[in-house]
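Fold and geometry: a report
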Amino acid sequence: MTDEQELAEAQRRHWQRTYAANPGMYGERPSAPAVHAAAAFRAAGARKVLELGAGHGRDALYFAREGFTVQADDFSPTGLEQLRDAAHAQGVAGEVTTAVHDVRDSLPLPDTSVDAVFAHMLLCMALSTKEIHATVAEIRRVLRPGGTFVYTVRHTGDAHHGAGTGHGDGIWEHGGFAVHFFDRALVDALADGWDLDEVHAFEEGDLPRRLWRVTQTLPR
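Structural notes, computed from the coordinates. Small disclaimer: the values here were computed from a predicted structure and weren't measured.

1. Observations concerning unusual backbone geometry
- Note that the residue after leucine 207, namely proline 208, is joined by a cis bond; omega there is -5°.
- With respect to the helices, strands and loops of the structure, proline 208 is situated in the loop between strand 9 (195–204) and strand 10 (209–217).
- Positive phi is not limited to glycine here, since threonine 112 has a value of about 50°.
- In this structure, methionine 121 is a non-glycine residue whose phi angle is positive, near 60°.
- Structurally, the position occupied by methionine 121 is in the loop between strand 4 (114–120) and helix 5 (129–142).
- Looking at methionine 121, the relative accessible area reads 14%, which means it is buried.

What follows is the structure, encoded as structure tokens:
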């Protein structure tokens, strides 16, 4: 097993334990990026939304309550079980489907089959630069022309960048969580062939974490 595979397996186990020990750990209120994304998706006429790294579902459930049909993917079965239970409790189970999926693998969806994609801090997990590019290529494949992709990532201005255990390729592990910290060159490279609508800097959490919210559109 390669170092990358060992890190990926360790992170998968870590997130499983974290969700099991802290059900609904991020609460029920949607993230600020999800609120922004819902408005952007609605303005673009989107109906079907794919969320990658949905976790226990606070944002996926928000999209469903806002009238979107949602496909919620995550590599944690525990997180998705919590999502499904919450969907039933909130009366939106019919609008949400889930799939256990690791973004290192191809998306199990047909070409041009979704209107919008959302990924809050998914691309800055323990993914190599090559894997990040491959993931965005898959997103481009399943997104319809004119579709919107909103994602957030922690960047190199974050206090944890360069702290903890370094795994190379911009990945640093702190407190058990491995993060790939983005520089602006990587954001621009991922937008190649897209219309880059916005790169918005914001902060989240107690540290605070420093992130970019990126909105980009697939040309028609």
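So, next bit.
2. Some words on the sheet that holds strand 8 (residues 177–180)
- Pairing is antiparallel in the open sheet, where 3 strands are placed in the order 6-7-8. Looking along the sheet, the strands with just one partner apiece sit at the ends: strand 6 (165–168) and strand 8. Taken pair by pair, the neighbouring strands of this sheet meet at an average axis angle of 25°, ignoring direction.
- Examined bridge by bridge, strand 7 (residues 171–174) and strand 8 share 4 bridges and lie antiparallel to one another. Bridge pairing in strand 8 links isoleucine 171 to histidine 180.

3. Some details on the packing of helix 3 (residues 58–65) against helix 4 (residues 77–90)
- One can describe the packing of helix 3 onto helix 4 by two numbers: an axis separation of 10 Å at closest approach and a directional angle of 30°. The angle between helix 3 and helix 4 falls in the class roughly parallel. Of the two possible hands of crossing, helix 3 and helix 4 adopt the one that is right-handed. Touching Ala60, Leu61 and Arg65 of helix 3 are Leu83, Ala86, Ala87 and Gln90, all from helix 4.
- For the contact of helix 3 with helix 4, the residue count by class is 5 nonpolar, 1 polar and 1 charged.

About the thresholds
- Residues numbered from 1 in each chain as written.
- Predicted model: local features only at pLDDT ≥ 70, side-chain atom pairs only at ≥ 80, totals over all residues.
- Heavy atoms only, no water.
- Helix = DSSP H or I, 4+ residues; strand = E, 2+ residues; numbered from the N terminus.
- Buried < 20%, exposed > 50% of the residue type's maximum accessible area, 1.4 Å probe, protein only.
- Pairing = 2+ DSSP bridges.
- Axes fitted to C-alpha atoms, helices over the stretch in contact; angles between N-to-C directions.
- Parallel < 35°, antiparallel > 145°, perpendicular 65-115°, else oblique.
- Left-handed = near helix turned anticlockwise from the far one by under 90°.
- Contact = heavy atoms within 4.5 Å.
- Nonpolar A, V, L, I, M, F, W, Y, C, P; charged D, E, K, R; others polar.

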